[in-house]
Amino acid sequence: MLLQVLLTGVLIGSVYSLVAVGLTLVWGLMDIINFAHGEFLMISMYTTFWLYALLKFDPLVSLPIAVGVVALVGVLTYKLVVKRVANAPGLMALLATFGLSLFIRNLAQFLWSPNYRFVSESLLTDKRFIIGDLIIGLPQLVAAVGSFAMTLIIALLIKKTKTGRAIQATAQSKDIAELMGVNTERIYAITFAISGACVGVAGALLANTFPVYPESGAMYGLLAFVIVALGGFGNIWGAFYAGILIGLAETLGGFYLGTQFKYAIAFLIYLLVLQFRPKGLFGW
Amino acid sequence: MKNRALYLIFAAVLVLPFAITNVNFQHVMIMFLIFASLGESWNIITGFAGQTSFGHAAFFGIGAYTSTVLFYKFGVSPWVGMLLGAGIAAVISVIVSYPCFRLRGHYFAIATLAVAEIIKQLFVSWDYVEGATGISIPVVEDSFIAMQFHGSKIPYFLIGFALFFLIVMVARSIEKSKMGFYLKAIRESHEAAEALGINPRKYKLLAMMISSALTALLGTLYAQYILYIDPFMVFSLEISMKIVLLSVLGGLGNIYGPIIGAAILIPLSEYTRVFLGGTGKGIDLMIYGALIVLIACFEPRGIIGLLKKRGKKRGALYAKTNA
């Protein structure tokens, strides 16, 4: 039974990680908290749902479309909103993205009502492996593997490609990056696109198993803040391990103490770990 | 000179609901007083001391629950509950902040958010205080002792005004005192403040204590005004964020910021709710969100920044330059 709980924790944790990776990129690069990140996830889930409901696309088929849509939303968010507040003092950028999250969430409610919607029959629905006592749902497994693959791609992209190195340089010093010929404007926009692509993948994969409704991204967004801080701001692998840890904390806590405490346990883990690592697990 | 502006604000606020007796307007004024005061309280720890709190709803909720539970279970006057709630909030704030003050910047901010969420979850599953169902405050006849007035909103307004006055004056005297300068020194550079012989942890704790106790007072008033509380309402991230937003909007780190911010944001949110909220389709919050984005985009230095730009000799109120 313990093994089953641990496995469930790792599987959901992997998705948490990917959502957090998207957030940590922007946060590490621009020192901006994107409060609308959870809403980006919700957009991806709705995109997947509507492609399924109207055009009978399987979520796995709509995944690239959802990625494109949310990446575009990310770029627009940067160009129209974040760019204007990026250099403002204090927490003004937070104010702007919080307003944006309210707007997007309630726009979804206005357009599509607060009802729960489900992708009821997809390629993966109800498929599962049974190994001994272990039950592994295929949708969960695909979500976890897909999320890990995307995290890996992003990490390689940041580390190996020219654009990735430009992102790293801009994160270290915007001015010096500019002197070296980096178009930082473009880098910011690209980073927002990548960030959107991360939740695009996560949302499409989650739509297989989770209900889609205007608030469906909110809890993921909140957990992502904690995961990003737990991993150390701007640290992709930090966010990855922290996501797994929070997933485990949530399922273990939910199993042994009752599901009503599962998020409380996750937040508690953050407070405890930060006592020993005040800048996150992998912060410096 | 500065004093005159402040007293002018007090006088204007005090006169308005008597001049305009519309009930909706009086409601907006009460909400304005509650949230301006919350912003002032929050400003002490975040604006002055630079320790961003995303979890002030925790103290607001503790204030609301302390007085409500005492009245609901034992018939204790909410006034007693209000003071007790402030005390409990102060104690809890010290207990949770003491370890959290090891953390800096965003790490601290996320920790406050985590603490508030944990406290919310505890109240949701705490049967003694009715858990997620929440508590309806038993209605009694109009009475000052029971802090319930059903005939008119004016008594609530006056209590709100008294708290507002008290809290602004407390914030102001902190700002002018040695402690205010210490806090600002800590905000600008923790290390430099420490090197000058200031004990940052002591002053941060003191500021947090005062801030959370004042926040709790308003929780009681809110509960008595709405006459119903549940954990999702009083401990919500929305409340924490509303406090942050209006203070940021007005301008961080001085006592006028939250007043100006609340004067813009609260009528905006209350009136959009009154006029557009009934549909249940979220139009009100949609427009409210869009307006916040617009204000942030076109006035990114806060309203205070706008006012300062209009000539005037400027003090270094929040001279934090961006890197």
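Keep in mind it's a predicted model, so treat the numbers as computed, not measured. (Residues numbered from 1 in each chain as written. Chains lettered and ligands numbered in written order. Predicted model: local features only at pLDDT ≥ 70, side-chain atom pairs only at ≥ 80, totals over all residues.)

Caption draft 1: Inspection of the overall build of chain B at higher detail. Scanning chain B from N- to C-terminus turns up 14 helices and 2 strands. Taken over the C-alpha trace, chain B has a radius of gyration of 19 Å; the compact-globule value for 323 residues is 20 Å, and the two agree within 12%. C-alpha extents for chain B along the principal axes are approximately 55 × 40 × 40 Å. For chain B, buried positions account for 50% of its 323 residues. For chain B, restricting intrachain contacts to residue pairs at least 6 apart in sequence, the fraction spanning at least 24 positions comes to 74%. (Helix = DSSP H or I, 4+ residues; strand = E, 2+ residues; numbered from the N terminus. Rg over C-alpha atoms; globule rule 2.2 N^0.38 Å. Buried ≥ 20, exposed ≤ 12 C-beta atoms within 10 Å, placed from the backbone. Contact = placed C-beta atoms within 7 Å.)

Caption draft 2: Here's a closer look at the overall build of chain A. Helix and strand counts for chain A stand at 11 helices and 2 strands. The secondary structure elements of chain A, listed N-terminal to C-terminal, are α-α-α-α-β-β-α-α-α-α-α-α-α. Compactness check: chain A gives a C-alpha radius of gyration of 18 Å against a globular reference of 19 Å for 284 residues, within 12% of the reference. Here chain A, with 284 residues, has 56% of them falling under the buried criterion.

Caption draft 3: Fine view of the interface of chain B and chain A. If you look at the interface, chain B gives 40 residues, while chain A gives 37 residues. At the level of elements, helix 5 (105–124), helix 11 (237–250) and helix 13 (283–298) of chain B are the ones that each hand at least two residues to the side of chain B that touches chain A. Among the elements that make up the side of chain B that touches chain A, the one with the highest residue count is helix 5 of chain B (11 residues). Partitioning the side of chain B that touches chain A into residue classes produces 27 nonpolar, 8 polar and 5 charged. (Nonpolar A, V, L, I, M, F, W, Y, C, P; charged D, E, K, R; others polar.)

Caption draft 4: Summary view of the UniProt feature "transmembrane region" (unreviewed entry) in chain B. Residue and element names in this part refer to chain B. Residues annotated in UniProt with the feature "transmembrane region" (unreviewed entry) correspond here to residues 29–50, 57–74, 80–101, 154–174, 205–223, 243–266 and 286–307. Helix and strand shares over residues 29–50 are 91% and 0% respectively, and the end C-alpha atoms of the span are 29 Å apart. Each end of residues 286–307 is marked by a C-alpha atom, and these two atoms are 28 Å apart; helix forms 86% of the span and strand 0%. (UniProt positions renumbered as here; feature names shortened; annotations may be inferred.)

Caption draft 5: Broad picture of the pairing of strand 2 (residues 134–137) of chain A. Residues and elements named next belong to chain A. Pairing between strand 1 (residues 128–131) and strand 2: 4 bridges, direction antiparallel. Paired with Phe129 across the bridge in strand 2 is Ile136. Hairpin connection of strand 1 to strand 2: 2 residues between the antiparallel strands, including Gly132 at a positive phi of 60°. (Pairing = 2+ DSSP bridges.)

Caption draft 6: Here's a closer look at helix 5 of chain B. Over its 20 residues, helix 5 of chain B extends 29 Å from the first C-alpha to the last, a length consistent with the 28 Å expected when each residue adds 1.5 Å. Counting buried residues along helix 5 of chain B, 16 of its 20 residues qualify, which places the element largely inside the surrounding structure. (Expected span 1.5 Å × (residues − 1).)

Caption draft 7: Structural context of the environment of Ala171(A). With respect to the secondary-structure elements, Ala171(A) resides in helix 6 (residues 162–172). Linking Ala171(A) and Gly28(A), residues 143 residues apart in sequence, is a C-alpha distance of 6.6 Å.

Caption draft 8: Spotlight on the nonpolar core. Of all hydrophobic cores here, the largest spans 202 residues; its most connected members are Val19(A), Leu95(A), Cys198(A), Val226(A), Ile227(A) and Ile246(A). Leave out the neighbours within four places in its chain, and Val19(A) touches Leu41(A), Cys198(A), Val199(A), Ala202(A), Tyr220(A) and Ala224(A). (Core = buried A, V, L, I, M, F, W, Y, C linked by C-beta atoms within 7 Å.)

Caption draft 9: Region of interest: the packing of helix 3 (residues 57–74) of chain B against helix 9 (residues 200–226) of chain B. All names here are of chain B. Relative to each other, helix 3 and helix 9 sit at 50°, their axes nearing to 6 Å. With respect to helix 9, the element helix 3 is oriented oblique. At the point where helix 3 passes helix 9, the crossing takes the right-handed sense. Together, Phe59, Phe60, Gly61, Ile62, Gly63, Ala64, Ser67 and Thr68 of helix 3 and Ser212, Thr215, Ala216, Leu217, Leu218, Gly219, Thr220, Tyr222 and Ala223 of helix 9 make up the contact between the two elements. (Axes fitted to C-alpha atoms, helices over the stretch in contact; angles between N-to-C directions. Parallel < 35°, antiparallel > 145°, perpendicular 65-115°, else oblique. Left-handed = near helix turned anticlockwise from the far one by under 90°.)

Caption draft 10: Spotlight on the packing of helix 11 (residues 262–276) of chain A against helix 5 of chain B. Interaxial distance between helix 11 of chain A and helix 5 of chain B falls to 9 Å at its minimum, and their mutual angle equals 145°. Considering only the axes of helix 11 of chain A and helix 5 of chain B, their crossing is left-handed. Residues Tyr263(A), Ala264(A), Phe267(A), Leu268(A), Tyr270(A), Leu271(A) and Leu274(A) of helix 11 of chain A form the contact with helix 5 of chain B, whose participating residues are Tyr107(B), Ala111(B), Ala114(B), Glu117(B), Ile118(B), Gln121(B) and Leu122(B). Per-class residue counts for the contact of helix 11 of chain A with helix 5 of chain B are 12 nonpolar, 1 polar and 1 charged.

Caption draft 11: Just the environment of Gly196(A), in detail. Residues and elements named next belong to chain A. For Gly196, the position within the fold is in helix 8 (residues 184–206). With 184 residues separating them in the primary sequence, Gly196 and Ile12 have C-alpha atoms 19 Å apart. Discounting chain neighbours no more than four positions away, the residues touching Gly196 are Phe40, Val70, Ala71, Val73 and Gly74.

Caption draft 12: Representation of the confidence of the model for chain B in the model. Residue and element names in this part refer to chain B. Taken as a whole, chain B shows an average pLDDT of 88; of its residues, 93% reach a score of 70 or greater. Low pLDDT, under 50, characterises residues 311–323; the stretch is placed with 13 contacts to residues that sit more than four places away or in other chains. Overall fold confidence for the complex sits at a pTM of 0.89, while the interface term, ipTM, reaches 0.87. (pLDDT = per-residue confidence, 0-100.)

Caption draft 13: Region of the structure containing unusual backbone geometry. Unusually for a residue other than glycine, Lys56(A) sits at a positive phi of about 60°. Its location among the elements puts Lys56(A) in the loop between helix 2 (37–55) and helix 3 (59–85). Look at Met147(B): it is not a glycine, yet its phi comes out positive at around 50°. Tracing the chain through its elements places Met147(B) in the loop between strand 1 (135–136) and helix 6 (154–176).

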